[in-house]
Every structure is written in structure tokens, then in C-alpha cells.
Amino acid sequence: MHFEHVVLGMARASPELMPLYGPAAVWLWNVGQDGHAAAHCIDACQTIHYALGHFGVESR
């Protein structure tokens, strides 16, 4: 995932989707930089869980 795709997706996302799309897209771009994104699945789930909670979205 290229950072340009993250920016483009965020620009097109509705305000209602930003709490879901934004943290996930930025996280995927960030962990993909080392080429081993699959090794970060637990960290990704925890990060997205807490980010969603910050926006008032309950997740399990």
C-alpha cells in the first residue's frame, strides 16, 4: 500500500467512515514499510481497537 493511496482514500471517505478507514489505512501503510506486515497482525488489531475506541466505536 502506497501512502498516496491512503491520502486518496481519506480524501474520498465520508466523515462517518473516517474513524474506520483512517486508522486502518495508516496502520497498513506503516507496517507494510518493512515488508513483513503479516508479523504485525496482533499489534494491528490492538491499535485499530484502541483507535476505534477513541472515536467511540465499540470493537471486540
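Structure: above.
What comes next is a walk through the structure.

What counts, and at which threshold
- Residues numbered from 1 in each chain as written.
- Predicted model: local features only at pLDDT ≥ 70, side-chain atom pairs only at ≥ 80, totals over all residues.
- Heavy atoms only, no water.
- Helix = DSSP H or I, 4+ residues; strand = E, 2+ residues; numbered from the N terminus.
- Buried < 20%, exposed > 50% of the residue type's maximum accessible area, 1.4 Å probe, protein only.
- Areas by Shrake-Rupley, 256 points an atom, 1.4 Å probe, with all protein chains shown as cover.
- Axes fitted to C-alpha atoms, helices over the stretch in contact; angles between N-to-C directions.
- Parallel < 35°, antiparallel > 145°, perpendicular 65-115°, else oblique.
- Contact = heavy atoms within 4.5 Å.
- Nonpolar A, V, L, I, M, F, W, Y, C, P; charged D, E, K, R; others polar.
- Expected span 1.5 Å × (residues − 1).
- Arc of directions from axis to C-beta.
- Left-handed = near helix turned anticlockwise from the far one by under 90°.

### Quick look at the overall build of the protein
Here comes step 1: Across its full length, the protein carries three helices and zero strands.
Here comes step 2: Ordering the α and β elements of the protein from the N terminus gives α-α-α.
Here comes step 3: Looking at the 60 residues of the protein, the share that counts as buried comes to 18%.
Here comes step 4: Accessible surface, the protein as shown: approximately 4,600 Å² in total, 64% of it carbon and sulfur.

### Quick notes on the packing of helix α1 (residues 3–12) against helix α2 (residues 18–32)
Here comes step 1: Packing of α1 against α2 brings their axes to within 10 Å, and their N-to-C directions diverge by 175°. The angle between α1 and α2 places the two elements in the roughly antiparallel class. In this structure, α1 contributes Phe-3, His-5, Val-6, Gly-9 and Met-10 to the contact, and α2 contributes Met-18, Tyr-21, Gly-22, Ala-25, Val-26 and Trp-29.
Here comes step 2: Residue composition of the contact of α1 with α2, by class: eight nonpolar, three polar and no charged.

### As for helix α3 (residues 41–54)
Here comes step 1: With 14 residues, α3 should reach 20 Å at 1.5 Å per residue; the first-to-last C-alpha distance of 20 Å fits that figure.
Here comes step 2: Those residues of α3 lying buried are Ala-44, Ala-51 and Leu-52. Projected down its long axis, α3 carries its buried residues within an arc of 100°, all on one side. The exposed set on the far side of α3, more than 90 degrees from its buried face, consists of Ile-42, Cys-45, Tyr-50 and His-54.
Here comes step 3: Against the buried residues of α3 lie α2.
Here comes step 4: Just past α3, the residue Gly-56 takes up positive phi, approximately 80°.

### Side note on the packing of α2 against α3
Here comes step 1: Viewed as axis vectors pointing N to C, α2 and α3 meet at an angle of 150°, and their least axial separation amounts to 10 Å. Accordingly, the angle class assigned to the pair α2 and α3 is roughly antiparallel. Viewed along their axes, α2 and α3 form a crossing whose handedness is right-handed. Here Pro-19, Leu-20, Pro-23, Ala-24 and Trp-27 of α2 come into contact with α3, specifically with Asp-43, Ala-44, Thr-47, Ile-48, Ala-51 and Leu-52.
Here comes step 2: Grouping the constituent residues of the contact of α2 with α3 by class yields nine nonpolar, one polar and one charged.

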